[in-house]
Amino acid sequence: MSETIGIWCAAFLTLAIFSFLYKDNPFYKFAEHLFTGVSAAYWMSVAFWSQVHPNLCGNIWWPEAFVRRFLEFTYVWVDRVELDGQTYAANALIDGSLTPEMIQRAELVNHVHVMYYIPLILGILFFTRLIPKIAYLSRWPLAFVMGMAAGLRLYSFLQSNAMEQISATIAPLAGTPTVAEALNNLVVLIGVFTGLVYFYFSREHKGLFGGLSRVGVYFLMVSFGAAFGYTVMARVSLLLGRFQFLIHDWLGTMTGAGG
Amino acid sequence: MDLFEKISSLDRRWIFLVIALSIFIPLMLPFTQPLSVSPDVRAVYEALAALPEGSTVLCSFEYGPSTLPEVHPMARSVLRYLFQRQHKVIVMALWPDGLFMSRDILDEVAEGEYQAEYGVDYINLGYKAGNEVVIKSIAESFSRTYPVDTRGQSTTSWPIMHGIENLANIDFIISLSAGYPGTVEWVQYAADPYNKPMTTCCTAVQVTEVVPYVRSGQCAGILGGLAGAAEFEVLLMDEGWLTELGAGNRGMASQSVAHLVLVLLIILGNVAFYIERRRQRKF
Amino acid sequence: MLLKRWIPLFILVFVGVLTLIHWFVPHDPIGSLGRDFSQFFDIIASFAIILGAANLLKLQSLKISQRKKGWPFNLVTIIAFALTAWVGLNWHSYFGSGHHYLAGTHVNNPDSHFFWVWWYIFTPLSATMYALLAFYVASASYRAFRARNVEATVLLVAGIIIMIGRVPLGQQFTAWLPDHGFWSGFRLERISDWIYSYPNGAGQRAVMIGIALGVVSTSLRLILGIEKSFLGEE
């Protein structure tokens, strides 16, 4: 039953979005606003259950009585269970292998990592953005995120997107097996070099430099053309997916063929 | 107003209708045409075929419902091939909805078609927030990054994870990608620094972004969009791994007609533009 | 000044330098600190998502309280948010009974209400929004994709060849050409493959190298404390 209602609901929302193709209307507006609300809550829930709950809450201190009282919520935070000289994995708390009486007697070992108060504090500081007077404090977590991203990307982009690419442009020129491959590699070398010349803005694009930059533009245009072709392919595939849903899943529930 | 002026000022809703029909009609009246397999798709197959039976393959799901029609058919074919070759499949997701995508495909292929045993033949580690940091993190330790799997059990308790401490123990990486984080991040944070072979099944939009990695050998081939899925199905069937073509090929009729209609529209628009421009120059 | 400028700058430089060193020195204490920082990054990013949701609620509520045009639709957003958040955060929210009510497992359980919302509401909305673009790409191509000069013509021709050469019906136009030998190179799929592999590959590589150099220099400026625009400074 919930599946049938779901399919009708999905079909209504699909058609509501498509109705925008004719003109803006209340059905589209409804679907659009519904999407905003649902997706915000969806992402929030996923972020909470995948990070905040296991990784943050699991590393900071909680009263033991609380952990014992709400085991179905807190078992993820427990590192191991010690009972009568035996050690159990935290799963033993919820999979029925320990009786409630045994759990009462057991020692729930949970390591507290003091360092994890740092992301807790920084995370909370993000919310100062909502209070204009102290909004500047939100720069702290932002600084952490930016520092991390800069440190990560500096090396990865230098290695994978610059060094490896330059090497892959030049290296095949030596020892190319066939004339056709040699010509193709030459095309790549010319394309990459002239393309980079086009991106060099510290010098006026005139004379030989201007000519090279113009060749570079043609290569870039081919890339944009290819990107356009592939974008069309992608969008058509997605539209096809929606049509397949409407025809097979939705209309199928009415004829009894799908669902 | 003559014909060319009419063409130039055509209401866009007519164009919408033409595009809708170009997809709808072939969907209702499908036809098949032979499809040629491109070298990059063949490269993916060859990279997978070179793996010895029983290798450990990491499949990362980085797409969601919006790109499901493109990437799902590729994921299905790739997993069918992996299970037929008796590889151990470790599944994870860098997108939250990638988790649902992986569940859907694993339910269908691993459990439905091959009766693969969870925890022995495959495992689903689930989603973890953090994008490329997650990749860096599994490069050091799977169990620290994923203490529990999607069934809520300790990751290390499953037989498939015995001896799999980090990325070094993985034989091959497959990124099923629709954007950020995705194939680019796998190349930058896993394939290059740890010298791991990998390939990608990505959306058509991503193809041009990933192609330099393929040309430089950082990524072994590429399955791009629905056409990539269709070509891979054709190849698997030619090699005897599939008995019938799948969703990739089923969509090719509509895809073909829509592409041709769009090209015709562009040509028509340009013809009208030239005739208009010529007339303006005359007067 | 200390709270507004120096502390965030210190955090940025410290974290940036440590992350950079972590690439080359995986041993402790750098190794463990680097791993912890990775985890912190994930947690802080999750807080940012939650902040985003809070901000959305704040803006929507403002529009409702001021009775701005179309305010009932803002109410739809808030109700949708509240209902989804309820089934998302309440781990007992299932169809039927007999489930293991374990915190967080409902998020990926097909019997949960959260999954239902994701599959029957979020999925069609998100997929159709993207699919809508097919129509607009077509309309824009028809109206604006003109061969006005050499550059635009190159773009147009490359795009058309890729579009035709990648689909089976398009490949039929040159299917009469032989499969092997010199003339096979003129088959549409081969021309499309060549354009995609070489001129397109070269252009994309030039873009990639250009962006990489930009990212490297910006990251260096950040880590060295030269780039301070995130502090609202020039």
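Since the structure is predicted, the reported quantities are computational estimates derived from the model, not experimental observations.

**What about the overall build of chain B?**
Part 1 of the reasoning: The helix and strand inventory of chain B stands at 12 helices and six strands.
Part 2 of the reasoning: With the principal axes as the frame, chain B shows a C-alpha extent of 80 × 40 × 35 Å.
Part 3 of the reasoning: Here chain B holds 283 residues, and 64% of them are scored as buried.
Part 4 of the reasoning: Across chain B, contacts joining residues at least 24 apart in sequence account for 74% of those joining residues at least 6 apart.
Part 5 of the reasoning: By element, 54% of the accessible surface of chain B is carried by carbon and sulfur atoms, the whole surface being about 10100 Å².
Part 6 of the reasoning: Taken as two groups, the 21 positive and 30 negative side-chain charges of chain B have centres that lie 10 Å from each other.

**Digging into the interface of chain B and chain C**
Part 1 of the reasoning: With 63 residues of chain B at the contact, the number on the chain C side is 52 residues.
Part 2 of the reasoning: A buried area of about 5400 Å², summed over both sides, lies between chain B and chain C, and 66% of it is on carbon and sulfur atoms.
Part 3 of the reasoning: It is Phe100(B), Leu260(B) and Ile266(B) in chain B that bury the most area against chain C; as a group they hold 11% of the surface buried on that side.
Part 4 of the reasoning: Summed over the shared surface of chain B and chain C, the result is one salt bridge.
Part 5 of the reasoning: The shortest N-O distance in the salt bridge between Arg166(C) and Glu231(B) comes to 3.5 Å.
Part 6 of the reasoning: Put simply, chain B and chain C have 13 residue pairs in polar contact (both at pLDDT 80 or more) between them.
Part 7 of the reasoning: Here the side of chain B that touches chain C is composed, by residue class, of 36 nonpolar, 15 polar and 12 charged.

**Section: the nonpolar core**
Part 1 of the reasoning: Counting 223 residues, the largest nonpolar core has Phe144(A), Cys59(B), Phe61(B), Leu79(B), Ile174(B) and Trp186(B) as its most contacted members.
Part 2 of the reasoning: By residue number, the principal contributor to this core is helix α9 (residues 207-255) of chain A, which donates 18 residues.
Part 3 of the reasoning: Once residues lying within four places of it in the same chain are set aside, the contact partners of Phe61(B) are Ala75(B), Leu79(B), Val91(B), Met92(B), Ala93(B), Leu94(B), Trp95(B), Gly98(B), Met101(B), Ser102(B), Ile105(B) and Leu176(B).
Part 4 of the reasoning: Val78(A), Ala92(A), Leu93(A) and Ile103(A) belong to the second largest nonpolar core, which has 14 residues in total.

**Digging into the interface of chain A and chain C**
Part 1 of the reasoning: On the chain C side, the residues contacting the 112 residues of chain A number 110 residues.
Part 2 of the reasoning: Linking chain A to chain C there are one salt bridge.
Part 3 of the reasoning: Across the pair Glu151(C) and Arg214(A) runs a salt bridge whose closest N-O atoms are separated by 3.1 Å.
Part 4 of the reasoning: Counting the contacts that link chain A with chain C gives 14 residue pairs in polar contact (both at pLDDT 80 or more).
Part 5 of the reasoning: With 28 residues, the single largest contributor to the side of chain A that touches chain C is helix α2 (residues 26-56) of chain A.
Part 6 of the reasoning: For the side of chain A that touches chain C, the class distribution of residues is 78 nonpolar, 24 polar and 10 charged.

**Concerning the domain arrangement of chain B**
In many analyses, interface size is given as the accessible surface area lost on bringing the parts together.
Part 1 of the reasoning: Annotation of chain B at the domain level lists domain 1 (3-30 + 256-282) and domain 2 (39-250).
Part 2 of the reasoning: Averaged C-alpha coordinates put domain 1 of chain B and domain 2 of chain B at centres separated by 39 Å.

**A few points about the pattern of salt bridges**
Two side chains carrying opposite charge are able to pair once their charged atoms lie near each other.
All names here are of chain B.
Part 1 of the reasoning: Overall, the coordinates contain 20 salt bridges over all chains when judged by the stated rule.
Part 2 of the reasoning: Asp 11 is the partner of Arg 13 in a salt bridge, and the nearest nitrogen-oxygen pair spans 3.2 Å.
Part 3 of the reasoning: Using a relative accessible area of 34% as the deciding quantity, one classes Asp 11 as partly exposed.
Part 4 of the reasoning: The network of salt bridges with shared partners includes Arg 76, Arg 80, Glu 108 and Glu 113.

**Focus: unusual backbone geometry**
All names here are of chain B.
Part 1 of the reasoning: A cis geometry characterises the amide bond from Tyr 180 onward to Pro 181, with omega recorded as -10°.
Part 2 of the reasoning: Among the secondary structure elements, Pro 181 is positioned in the loop between β4 (172-177) and α8 (183-194).
Part 3 of the reasoning: Even without being glycine, Gln 115 reaches a positive phi, approximately 45°.
Part 4 of the reasoning: Since its relative accessible area comes to 58%, Gln 115 is described here as exposed.
Part 5 of the reasoning: In the Ramachandran plot, Asn 195 falls in the positive-phi region, its phi being about 55° despite a non-glycine side chain.
Part 6 of the reasoning: When you line up the elements, Asn 195 lands in the loop between α8 and β5 (198-202).
Part 7 of the reasoning: Relative accessible area serves as the criterion here: at 67%, Asn 195 is assigned to the exposed category.

Reading the values: the criteria
Residue positions are given per chain, counting from 1 as you read along its sequence in written order. Working convention: letters from A go to chains and numbers from 1 go to ligands, in the order in which they are written. The predicted nature of this model means local features are confined to residues of pLDDT at least 70 and side-chain atom pairs, given and counted, to a pLDDT of 80 or more, with totals for whole chains, interfaces and linings taken over all residues. Neither water nor hydrogens contribute to the side-chain values; these are computed over all heavy atoms in the structure. Secondary structure follows DSSP: runs of H or I at least 4 residues long count as helices, runs of E at least 2 residues long count as strands, and numbering of each begins at the N terminus. Per-residue accessibility, obtained with a 1.4 Å probe over protein chains only, is compared with the maximum for each type, and a residue is labelled buried under 20%, exposed over 50%, and partly exposed between these values. When checking whether two residues touch, look at their non-hydrogen atoms; a contact exists if any pair is within 4.5 Å. All accessible-area figures derive from a Shrake-Rupley calculation using a 1.4 Å probe, and residue coverage is judged against the displayed protein chains alone. Charge counting follows a simple rule: Lys and Arg are positive, Asp and Glu are negative, and His as well as the terminal groups are ignored. For charged residues, the charge sits on one atom: NZ in Lys, CZ in Arg, CG in Asp, CD in Glu. Buried area is calculated as the accessible area (1.4 Å probe) missing from two parts once they are joined, with the contributions of both summed. The term salt bridge refers to a pairing of a side-chain nitrogen on Lys or Arg with a carboxyl oxygen on Asp or Glu at a separation within 4 Å. Between N or O atoms, a polar contact is any pair within 3.5 Å; within protein, one atom must be a potential hydrogen donor and the other a potential acceptor, and residues adjacent in sequence are included only when both atoms are from side chains. Any residue that is not Ala, Val, Leu, Ile, Met, Phe, Trp, Tyr, Cys, Pro, Asp, Glu, Lys or Arg is counted as polar, Gly included; the first ten are nonpolar and the last four charged. Among buried residues, those of type Ala, Val, Leu, Ile, Met, Phe, Trp, Tyr and Cys that are joined through side-chain atoms within 4.5 Å constitute a nonpolar core. Each domain's extent is set by a domain assignment, obtained either automatically or from a database.

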